Amino acid sequence: MVGYNPNSPGAALTPEEAALAGSAAGMVTRALISPLDVVKIRFQLQIEQVSWRRRQGKYWGLWQATRCIMTEEGLPAFWKGHVPAQLLSVCYGAVQFASFEALTELVHKQTAYNSQTPGVHFICGGLAACSATVACQPLDTLRTRFAAQGEPKMYHNLRHAVATMFRTEGPFTFYRGLTPTLVAVFPYAGLQFFFYNILKKLLDPQDTKSKGGLHSLISGSCAGVISKTMTYPFDLIKKRLQVGGFEEARMKFGQVRTYHGFVDCVLRIGREERLRGFFKGLSPSLLKAALSTGFTFFWYEFFINAIVSLKSS
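Analysis parameters
- Residues numbered from 1 in each chain as written.
- Predicted model: local features only at pLDDT ≥ 70, side-chain atom pairs only at ≥ 80, totals over all residues.
- Heavy atoms only, no water.
- Helix = DSSP H or I, 4+ residues; strand = E, 2+ residues; numbered from the N terminus.
- Buried < 20%, exposed > 50% of the residue type's maximum accessible area, 1.4 Å probe, protein only.
- Axes fitted to C-alpha atoms, helices over the stretch in contact; angles between N-to-C directions.
- Parallel < 35°, antiparallel > 145°, perpendicular 65-115°, else oblique.
- Left-handed = near helix turned anticlockwise from the far one by under 90°.
- Nonpolar A, V, L, I, M, F, W, Y, C, P; charged D, E, K, R; others polar.
- Expected span 1.5 Å × (residues − 1).
- Arc of directions from axis to C-beta.
- Contact = heavy atoms within 4.5 Å.
- Polar contact = N/O pair within 3.5 Å; in protein donor to acceptor, adjacent residues only side chain to side chain.
- Disulfide = S-S within 2.5 Å.
- Core = buried A, V, L, I, M, F, W, Y, C linked by side-chain atoms within 4.5 Å.
- Salt bridge = Lys/Arg side-chain N within 4 Å of Asp/Glu carboxyl O.
- UniProt positions renumbered as here; feature names shortened; annotations may be inferred.
- 1 Å grid on protein atoms, 1.4 Å probe; cavity = no way out; pocket = protein on both sides within 12 Å on 5 of 7 lines; lining within 4 Å.
- Points joined across faces, edges and corners; volume = space filled by probe spheres on them.
- Patch = residues over 30% accessible without salt bridge, like charges linked within 9 Å, V, L, I, M, F, W, Y side chains within 5 Å.
- Areas by Shrake-Rupley, 256 points an atom, 1.4 Å probe, with all protein chains shown as cover.

### Quick word on the environment of Phe303
- Relative to the helices and strands, Phe303 resides in helix H9 (residues 282-312).
- Among the residues examined, Phe303 registers a relative accessible area of 21% and is labelled partly exposed.
- Along the primary structure Phe303 and Ala129 are separated by 174 residues, whereas in three dimensions their C-alpha atoms are 20 Å apart.

### Here we look at the packing of helix H1 (residues 15-45) against H9
- Orientation of H1 relative to H9, taken along the N-to-C sense of each, is 165°, at an axis distance of 8 Å. The angle between H1 and H9 falls in the class roughly antiparallel. In terms of crossing hand, the pair formed by H1 and H9 is right-handed.
- A breakdown of the residues in the contact of H1 with H9 according to their chemical character gives 20 nonpolar, five polar and five charged.

### As for helix H8 (residues 262-273)
- A rise of 1.5 Å per residue sets the reference length of H8, with its twelve residues, at 16 Å; its end C-alpha atoms lie 16 Å apart and thus fit the reference within 8%.
- Turning to H8, its buried residues number three or more, namely Cys265, Arg268, Ile269 and Glu273. Projected down its long axis, H8 shows its buried positions confined to an angular sector of 100°, all on one face. Within H8, the exposed residues directed more than 90 degrees away from the buried face are Val263, Leu267 and Arg271.
- One or two positions beyond H8, positive phi appears at Arg274, with a value near 65°.

### A closer look at the environment of Cys265
- In this structure, Cys265 sits in helix H8.
- Assessed through its relative accessible area of 0%, Cys265 is described here as buried.
- In sequence terms Cys265 and Pro187 are 78 residues apart; their C-alpha atoms lie 21 Å from each other.
- Residues contacting Cys265, with those up to four places away along its chain left out, are Ile237, Arg240, Leu241 and Tyr259.

### Observations concerning the side chain of Glu273
- Mapped onto the fold, Glu273 is located in helix H8.
- Taking relative accessible area as the criterion, Glu273 reaches 10% and is therefore assigned buried.
- There is a polar contact of 2.7 Å between the side chain of Glu273 and the side chain of Lys280.
- If we ignore the near neighbours within four places in the chain, the residues touching Glu273 are Gln46, Ile47, Arg240, Tyr259, Arg268 and Lys280.

### Concerning the state of the cysteines
- Throughout the structure, instances matching the rule amount to zero disulfides.
- Left unpaired, Cys130 is separated from the closest cysteine sulfur, that of Cys124, by 12 Å.

### Concerning the nonpolar core
- If you look at the biggest cluster of nonpolar residues, it comprises 17 residues, and the most contacted ones within it are Val2, Phe97, Phe100, Phe193, Phe297 and Tyr300.
- Looking at this core, the elements that each hand over two or more residues are H1, helix H3 (82-110), helix H4 (118-148), helix H6 (178-203) and H9.
- Sorting elements by how many residues they give to this core places H9 first, with four residues.
- Residues within four places of Phe193 in sequence aside, it is in contact with Val2, Gln96, Phe97, Phe100, His121, Gly125 and Phe297.
- Judged by nonpolar contacts, the second largest core, of 15 residues, contains Val38, Val39, Ala65 and Cys68.

### Brief notes about the pattern of salt bridges
- Here the structure, examined in full by the defined rule, presents 18 salt bridges.
- Lys58 is paired through a salt bridge with Glu72; the nearest N and O atoms lie 3.0 Å apart. Taken together, the positions of Lys58 in the loop between H1 and helix H2 (62-73) and Glu72 in helix H2 put the pair 14 residues apart, joining distant regions of the chain.
- For Glu72, a relative accessible area of 46% puts it in the partly exposed group.
- For Lys228, the salt bridge identified is with Asp235, shortest N-O distance 3.6 Å.
- Here the residues in one salt-bridge network are Arg30, Asp37, Lys40, Asp140, Lys228, Asp235, Lys238, Lys239 and Lys288, joined through shared partners.

### Remarks on the UniProt feature "repeat: Solcar" (unreviewed entry) in the protein chain
- Under the feature "repeat: Solcar" (unreviewed entry), the UniProt entry names residues 13-106, 120-202 and 211-306.
- Helix makes up 72% of residues 13-106 and strand makes up 0%, while its end C-alpha atoms are separated by 13 Å.

### Brief notes about empty space enclosed by the protein
- Under the definition given, this model contains three cavities of 30 Å³ or more.
- Considering only enclosed or pocket space, the largest cavity measures out at about 770 Å³ in volume.
- Every residue lining the largest cavity is counted, 38 residues in all, and those nearest its centre are Arg30, Tyr92, Tyr188, Lys288 and Ser292.
- For the lining of the largest cavity, the elements supplying multiple residues, two or more each, are H1, H3, H4, H6, helix H7 (212-242) and H9.

### Some words on a nonpolar patch on the surface
- On the surface, a cluster of nonpolar side chains totalling about 280 Å² of accessible area is made up of Met70, Leu75 and Trp79.
- Structurally, Leu75 can be placed in the loop between H2 and H3.

In structure tokens form, the structure reads like this:
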């Protein structure tokens, strides 16, 4: 079970062990779901409506966008920004799960609450994700820029991107979109851990290892879909803000906008694109959330069990 478990027969996980398992889970998951992430980001940044019926923009459907990217940019385009994305996943997974294990242990030992209750997992999961977000936001911004650019590329590699952004936009550009990210990440991650806790106990009440991997995958996938649907608009707003100052590279994809902060972004999307505008890219995002969250919890528990087995032997 994810989080500090007072009934565990072995010793509690150390922060280093949780960080190692979390970073390994993030690395494997990122490699698997990168194509969906690229398509999702392209949809989120498109001003025109994403619709089969009204084909106004460059992309109007999941399969059409996939074919379009493949034809124009080749197979490697689905892993654009993969280096900063992998750094992001490794860093984020390490900080998030190490913080989560430490926080649930602290709550159990210092308060009257049981560390394995859904409510505790909601609070601790949200706080752990906020810590990871602050630590990894520059990498997330870089990943978004790489995934958003077409051909010819504005940034040739990670070093060139960092130097160019720092020189032309200043150091704070790496934290664009931090406000909506923090606003969204607490309930999003909290709900992930909350629903994962509930679903895992329903599917695997005895915590048996025979079906533990499958149950982790199913529970994580369902938790990811529920939490993503409830918090999706914040993710879209974050992506719009992160590409501010990057308009030149977005011209060929259609209309571009420059937003002056979180509130301006919300108001302009609502006025120009209506309610549906806040849910652009939801289909690939839900598919990605199901796979990403399911794989993350699956691989985290897999690596945790491997670490425990090595310690016991």
